[in-house]
Amino acid sequence: MDLSRTPVRRWLSPVPWGFALLAAASSLTYGGDHAVNAWASTNLANLGDHPVEALIASAFLFGADPWACLRSIAFAGAILAFLVIRFGNMRAVALIAAGQILGTLVSEGLLAARIAAAQADPTLRATLDVGPSYVIVSALAAVAAAGARRWHRWTALAALAVRAPHITSGLTMLGVTPVGHVTALSTGMLLAWGLRSSDARHSYLHRLTVRAAPLQTELGTGPG
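All of the points below concern the structure found in this document. Small disclaimer: the values here were computed from a predicted structure and weren't measured.

## Concerning the overall build of the protein
No. 1: Helix and strand counts for the protein stand at nine helices and zero strands.
No. 2: Along the protein, helices (α) and strands (β) appear in the sequence α-α-α-α-α-α-α-α-α when read from the amino end.
No. 3: Counting over 224 residues, the protein shows a buried share of 41%.
No. 4: The long-range share in the protein, meaning contacts at least 24 apart out of those at least 6 apart in sequence, stands at 75%.
No. 5: Carbon and sulfur atoms provide 67% of the accessible area of the protein, an area that totals close to 12,200 Å².

## Here we look at unusual backbone geometry
Keep in mind that most residues, glycine aside, have a negative phi and that most peptide bonds are trans.
No. 1: The residue Ala 118 is not glycine, and still its phi comes out positive at about 60°.
No. 2: With respect to the helices and strands, the residue Ala 118 is situated in the loop between helix H6 (89–116) and helix H7 (133–146).
No. 3: Phi is positive for Leu 174, which is not a glycine, with a value near 60°.
No. 4: For Leu 174, the location among the structural elements is in the loop between helix H8 (150–168) and helix H9 (176–221).
No. 5: Looking at Leu 174, the relative accessible area reads 39%, which means it is partly exposed.

## Regarding a nonpolar patch on the surface
No. 1: There is a patch of nonpolar side chains on the surface, built from Leu 28, Trp 67 and Leu 70 and spanning about 350 Å² of accessible area.
No. 2: On the secondary structure map, Leu 28 appears in helix H1 (residues 14–30).
No. 3: Note on Leu 28: relative accessible area 48%, which makes it partly exposed.

## Description of the environment of Gly 175
No. 1: Among the secondary structure elements, Gly 175 is positioned in the loop between H8 and H9.
No. 2: For Gly 175, a relative accessible area of 22% corresponds to the partly exposed category.
No. 3: Spatially, the C-alpha atom of Gly 175 lies 9.5 Å from that of Glu 108, the residues being 67 residues apart in sequence.

## Describing the packing of aromatic side chains
No. 1: Counting across every chain of the model gives three aromatic pairs.
No. 2: Taking the centre distance of 5.1 Å and the plane angle of 40° together, the rings of Phe 19 and Phe 60 count as tilted. Linking Phe 19 in helix H1 with Phe 60 in the loop between helix H4 (51–58) and helix H5 (66–87), this pair joins segments that are 41 residues apart in sequence.
No. 3: For Phe 19, a relative accessible area of 7% translates into the label buried.
No. 4: Ring centres of Phe 82 and Trp 151 lie 5.2 Å apart, and the angle between their planes is 85°; on these two criteria the pair is classed as edge-to-face.

## Observations concerning the packing of H7 against H8
No. 1: Contact geometry of H7 with H8 gives a least axis separation of 8 Å together with a crossing angle of 140°. The angle between the axes of H7 and H8 places the two elements in the oblique class. The chirality of how H7 crosses H8 is left-handed. Where H7 approaches H8, its residues Ser 133, Val 137, Leu 140, Ala 141, Val 143, Ala 144 and Ala 146 are matched on the opposing element by His 152, Arg 153, Ala 156, Leu 157, Ala 159, Leu 160, Arg 163 and Ile 167.
No. 2: Class assignment of the residues belonging to the contact of H7 with H8 gives a composition of 11 nonpolar, two polar and two charged.

## Concerning H5
No. 1: Helix length check: H5 (22 residues) gives 31 Å between terminal C-alpha atoms against 32 Å at 1.5 Å per residue, within 8%.
No. 2: At the N-terminal end of H5, a side-chain oxygen is found 3.2 Å from the backbone nitrogen of Trp 67, two or three residues along, and the residue is Asp 65.

## Overview of the nonpolar core
No. 1: In terms of nonpolar packing, the biggest core is built from 41 residues, with Phe 62, Ile 73, Leu 83 and Leu 140 touching the most fellow members.
No. 2: Elements represented by at least two residues in this core include exactly H1, H5, H6, H7, H8 and H9.
No. 3: It is H7 that contributes the most residues to this core, 11 residues altogether.
No. 4: Excluding anything up to four places from it in sequence, Leu 140 contacts Phe 75, Ile 79, Ala 156, Ala 159, Leu 160 and Arg 163.

## Some details on the packing of H1 against H5
No. 1: Contact geometry for H1 and H5: axes closest at 8 Å, N-to-C directions at 160°. When the axes of H1 and H5 are compared, the pair comes out roughly antiparallel. For the crossing formed where H1 meets H5, the hand is right-handed. Contacts from Val 15, Pro 16, Phe 19, Ala 20, Ala 23, Ala 24, Ser 27 and Leu 28 of H1 reach H5 at Pro 66, Cys 69, Leu 70, Ile 73, Ala 76, Gly 77, Leu 80, Ala 81 and Val 84.
No. 2: Looking at side-chain class alone, the contact of H1 with H5 contains 15 nonpolar, two polar and no charged residues.

Rules used throughout
Residues numbered from 1 in each chain as written. Predicted model: local features only at pLDDT ≥ 70, side-chain atom pairs only at ≥ 80, totals over all residues. Heavy atoms only, no water. Helix = DSSP H or I, 4+ residues; strand = E, 2+ residues; numbered from the N terminus. Buried < 20%, exposed > 50% of the residue type's maximum accessible area, 1.4 Å probe, protein only. Contact = heavy atoms within 4.5 Å. Areas by Shrake-Rupley, 256 points an atom, 1.4 Å probe, with all protein chains shown as cover. Patch = residues over 30% accessible without salt bridge, like charges linked within 9 Å, V, L, I, M, F, W, Y side chains within 5 Å. Salt bridge = Lys/Arg side-chain N within 4 Å of Asp/Glu carboxyl O. Phe/Tyr/Trp six-rings, centres within 6.5 Å; stacked < 30°, edge-to-face > 60°. Axes fitted to C-alpha atoms, helices over the stretch in contact; angles between N-to-C directions. Parallel < 35°, antiparallel > 145°, perpendicular 65-115°, else oblique. Left-handed = near helix turned anticlockwise from the far one by under 90°. Nonpolar A, V, L, I, M, F, W, Y, C, P; charged D, E, K, R; others polar. Expected span 1.5 Å × (residues − 1). Polar contact = N/O pair within 3.5 Å; in protein donor to acceptor, adjacent residues only side chain to side chain. Core = buried A, V, L, I, M, F, W, Y, C linked by side-chain atoms within 4.5 Å.

Structure follows, in structure tokens:
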């Protein structure tokens, strides 16, 4: 399939629209609720108590400022649409889920190791850490690496360049958020390259099969 000519119907995919609607509803309703944010935070305390719920809920809380929240959700929805256009619904969900999960586990795992080695304050186990940044960064990296259209890739690259200072701020100090960002970015890029290579192999094998079919037919109907 020529992914650069993907039907318009993929823009109506349930993944970007569903994510945007759920994020808007949850953020506008609970974005300013400290108790909800504390419960959804992907910190060590919550990962030890309710890891699945925290990993999911955190990705849908964009903050308390309604306009900033809606702008961020619109941007995230567009990037997810680019991702779905290239990889389809299921693989897009798997990719951003991997970015969220690995970004969280690597960053919080490193923090746990540092606390155990007395290199970090134990109170950091309960730090407030919510938001979809790992999802967005992994999606941006995947689109930049293997977007269906050139302008999709350039848009993602430009967004990553603009966000680079925020993504990497505190990395040399092994901060949880920058470590998670870099992990999510690497995850999105590596998975996108892997999926692109897999698609290329399947496309090549399909072309070989199509070319071989007439020859097999000719050989099968030839004189006995």
